[in-house]
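# Structural features, examined
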Amino acid sequence: MNPWRPATLAPAAAARLADELLANHWLLCTAESCTGGLIAATCTDLAGSSHWFERGFVTYSNAAKIELLGVEAQLIEQHGAVSEAVARAMAAGALAHSRAQVTIAVTGVAGPSGGTAEKPVGTVWLAWATPDSVTSELQHFSGDRADVRQATAQHALNRLTELIQRKTPS
């Protein structure tokens, strides 16, 4: 077993994020593809999460991204489901289809199959949206399917905490 994978890492990240969201009176919405709801599950594992977690979308298929989040089919056709454009559209779509003030969106290749030379296993696009901005970044995580999914959840939660801390005065 990979020593990075202890079950306590992502929940600790969710708890730090919860503190930031509560301090700002913000709600969170997730839009997940490659993690299949792992980020939402990690958040809602925390008691009291109903005070800051509004909803989650698991949009594993392209059709779900289009139907539930309003991602344009043309974006997926042009850039592929695992792309910056789609991650950003997912984050913005989650914001538009929820009552949340902030969203996390992830789309990637968790493996063990599905990777290409351009987008190998472990390639993940992440995006975070607020009403006034969308931030995105590309990550390449290593390990097996569980490692990639766990690393994605961990990074998504930690990075959102950092983004909120930068936007709000101390």
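Please refer to the structure placed before this passage.
The shown structure was predicted, so the numbers you read here are calculated from the model rather than taken from an experiment. (Residues numbered from 1 in each chain as written. Predicted model: local features only at pLDDT ≥ 70, side-chain atom pairs only at ≥ 80, totals over all residues. Heavy atoms only, no water.)

Glancing now at the layout of surface pockets. Empty space among the atoms becomes visible once a probe the size of a water molecule is rolled across them. When its volume is computed, the largest pocket comes out at roughly 260 Å³. Around the largest pocket sit 16 residues that line it, and Val82, Gly108, Val109, Ala110 and Gly114 are the ones nearest its centre. (1 Å grid on protein atoms, 1.4 Å probe; cavity = no way out; pocket = protein on both sides within 12 Å on 5 of 7 lines; lining within 4 Å. Points joined across faces, edges and corners; volume = space filled by probe spheres on them.)

Quick look at the pattern of salt bridges now. Evaluated as defined, the whole model comprises five salt bridges. For arginine 55, the salt bridge is made with glutamate 54, and the minimal N-O distance between the two is 2.6 Å. Among the ionic pairs, glutamate 162 bridges to arginine 159, the shortest N-O distance being 3.5 Å. With glutamate 162 and arginine 159 both in helix α6 (residues 145-167) and three residues apart, the pair spans about one turn of that helix. Overlapping salt bridges, with partners in common, bring together Glu54, Arg55 and Arg99 in one network. (Salt bridge = Lys/Arg side-chain N within 4 Å of Asp/Glu carboxyl O. Helix = DSSP H or I, 4+ residues; strand = E, 2+ residues; numbered from the N terminus.)

Sheets are built from strands that pair by backbone hydrogen bonding, the pairs being arranged parallel or antiparallel. Taken in spatial order, the five strands of this open sheet run β2-β1-β3-β4-β5, and their pairing is mixed. Strands with a single pairing partner mark the edges of an open sheet, and in this sheet they are β2 (53-58) and β5 (133-140). Neighbour-to-neighbour, the strand axes of the sheet open up by a mean angle of 15°, direction not taken into account. Note that strand β4 (residues 123-130) and β5 share eight bridges and pair antiparallel. (Pairing = 2+ DSSP bridges. Axes fitted to C-alpha atoms, helices over the stretch in contact; angles between N-to-C directions.)

Of the pairings in the sheet, the one linking strand β1 (residues 28-32) to β2 comprises five bridges and is parallel in character. Across the sheet, the residue bridging to alanine 31 is phenylalanine 57, located in β2.

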